[in-house]
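Understanding the architecture of this molecule
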Amino acid sequence: WICFRNTRFRKMYLFIILISFVLSLVPIVLVEGWNKKYLHVSDLFFVVGDDVILALLGQLSLLPLLILVAQMTPPNIEASTYSAFVSILNISSIICGYLSSGTAHLFNIDQDNFDQLTNLILFCSGFSLVSLCLLPILPKGNINEVILEKKRIAGLDKKRKRKIEEDEEEEEGD
């Protein structure tokens, strides 16, 4: 995570979303047969290359988020937080499978009919850009800035708590 330590969240996720969008259009080259017709490249290259790069981008987008969650989790509940995080990822994967199946059905794609596959790829790729709307909810800074701000706020909370305790002790003494 050292290479991304000073990269701002919004900038990094914007880059990942846009690269993923472009790469999600690559299967059109395979579906339309342009890889053999114009590029003289085998289908295997496109299938394997596309999956590997998209998986790598998925992991790159997840890593800073996991680091941030690990740093911001209160002591003694790290395992519970990680379990909740992984559970959400697993549930979203299941939901994604059902939505993918439903979308394929809407485009009348089945094991014998791939006529609308290019349109489905375009639809899904375009739909991935919806996540750009969520960029404003990401922290403005980089990982270090967000963690320092969290520690600063935690320090202020501790000072306030001590002040309240001191005030209560003074009131009891009076």
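Residues numbered from 1 in each chain as written. Predicted model: local features only at pLDDT ≥ 70, side-chain atom pairs only at ≥ 80, totals over all residues. Heavy atoms only, no water.

Helix and strand counts for the protein come out as 7 helices and 0 strands. In sequence order, the secondary structure elements of the protein are arranged as α-α-α-α-α-α-α. Expected size for 174 residues packed as a compact globule is a radius of gyration near 16 Å; at 24 Å, the protein overshoots this value by more than 25%. Across its three principal directions, the C-alpha atoms of the protein cover 90 × 35 × 25 Å. Taken across its 174 residues, the protein has 20% of its residues classed as buried. For the protein, contacts bridging at least 24 residues in sequence account for 70% of all contacts bridging at least 6. Accessible area of the protein: about 12800 Å², with a carbon and sulfur share of 65%. Across the protein, 16 positive and 20 negative side-chain charges occur, with their mean positions spaced 10 Å apart. (Helix = DSSP H or I, 4+ residues; strand = E, 2+ residues; numbered from the N terminus. Rg over C-alpha atoms; globule rule 2.2 N^0.38 Å. Buried < 20%, exposed > 50% of the residue type's maximum accessible area, 1.4 Å probe, protein only. Contact = heavy atoms within 4.5 Å. Areas by Shrake-Rupley, 256 points an atom, 1.4 Å probe, with all protein chains shown as cover. Lys, Arg positive; Asp, Glu negative; His and termini not counted. Charge placed at Lys NZ, Arg CZ, Asp CG, Glu CD.)

This part covers the layout of surface pockets. By volume, the largest pocket is sized at about 1400 Å³. In terms of lining residues, the largest pocket is bounded by 28 residues, among which Ser 92, Cys 96, Phe 127, Ser 128 and Ser 131 are the most central. Those elements giving two or more residues to the lining of the largest pocket turn out to be α1 (9-24), α4 (43-72), α5 (78-106) and α6 (117-128). Broken down by element, the lining of the largest pocket gets its largest block of residues, 8 residues, from α5. (1 Å grid on protein atoms, 1.4 Å probe; cavity = no way out; pocket = protein on both sides within 12 Å on 5 of 7 lines; lining within 4 Å. Points joined across faces, edges and corners; volume = space filled by probe spheres on them.)

All right, on to the pattern of salt bridges then. On inspection of all chains with the given rule, the structure shows 1 salt bridge. Residues Lys 36 and Asp 43 are paired through a salt bridge, measuring 3.4 Å at the closest nitrogen-oxygen approach. (Salt bridge = Lys/Arg side-chain N within 4 Å of Asp/Glu carboxyl O.)

With 30 residues, α4 extends 44 Å from end C-alpha to end C-alpha; this agrees with the ideal 44 Å at 1.5 Å per step. Inspection of α4 places Phe 46, Asp 50, Leu 57, Ser 61, Leu 62, Pro 64, Ile 67 and Leu 68 among the buried residues, and these make up the whole buried set. (Expected span 1.5 Å × (residues − 1).)

A surface patch of like charges, here negative, comprises Glu 165, Glu 166, Glu 168, Glu 169, Glu 170, Glu 171 and Glu 172. Residue placement: Glu 168 occurs in helix α7 (residues 143-173). The class of Glu 168 is partly exposed, set by a relative accessible area of 44%. (Patch = residues over 30% accessible without salt bridge, like charges linked within 9 Å, V, L, I, M, F, W, Y side chains within 5 Å.)

The next thing to look at is the environment of Ile 53. Along the polypeptide, Ile 53 turns up in helix α4. For Ile 53 and Ser 20, which are 33 residues apart along the polypeptide, the C-alpha to C-alpha distance reads 8.8 Å.

What follows is about the confidence of the model for the protein. On average, residues of the protein score 83 in pLDDT, and 95% of them reach the 70 mark or higher. By mean pLDDT, α7 is the weakest element of the protein at 74, and α6 is the strongest at 93. (pLDDT = per-residue confidence, 0-100.)

The next thing to look at is the packing of α1 against α6. Put simply, α1 and α6 touch, their axes get as near as 9 Å, and they point 180° apart. Between α1 and α6, the angle is such that the two are roughly antiparallel. In contact with Ile 17, Phe 21 and Ser 24 of α1, α6 contributes Ile 121, Ser 125, Gly 126 and Ser 128. Residue composition of the contact of α1 with α6, by class: 3 nonpolar, 4 polar and no charged. (Axes fitted to C-alpha atoms, helices over the stretch in contact; angles between N-to-C directions. Parallel < 35°, antiparallel > 145°, perpendicular 65-115°, else oblique. Nonpolar A, V, L, I, M, F, W, Y, C, P; charged D, E, K, R; others polar.)

Let us now look at the side chain of Thr 103. Relative to the elements of secondary structure, Thr 103 occurs in helix α5. If we skip the residues at most four places from it in the chain, Thr 103 touches Leu 120 and Phe 123.

For the rest of this paragraph, the subject is the environment of Leu 30. Tracing the backbone through its elements, the reader meets Leu 30 in helix α2 (residues 26-32). The spatial distance from the C-alpha of Leu 30 to the C-alpha of Phe 46 is 6.9 Å, given a sequence separation of 16 residues. Each residue touching Leu 30, except ones within four places of it in the same chain, is listed here: Asn 35, Asp 43, Phe 46 and Val 47.

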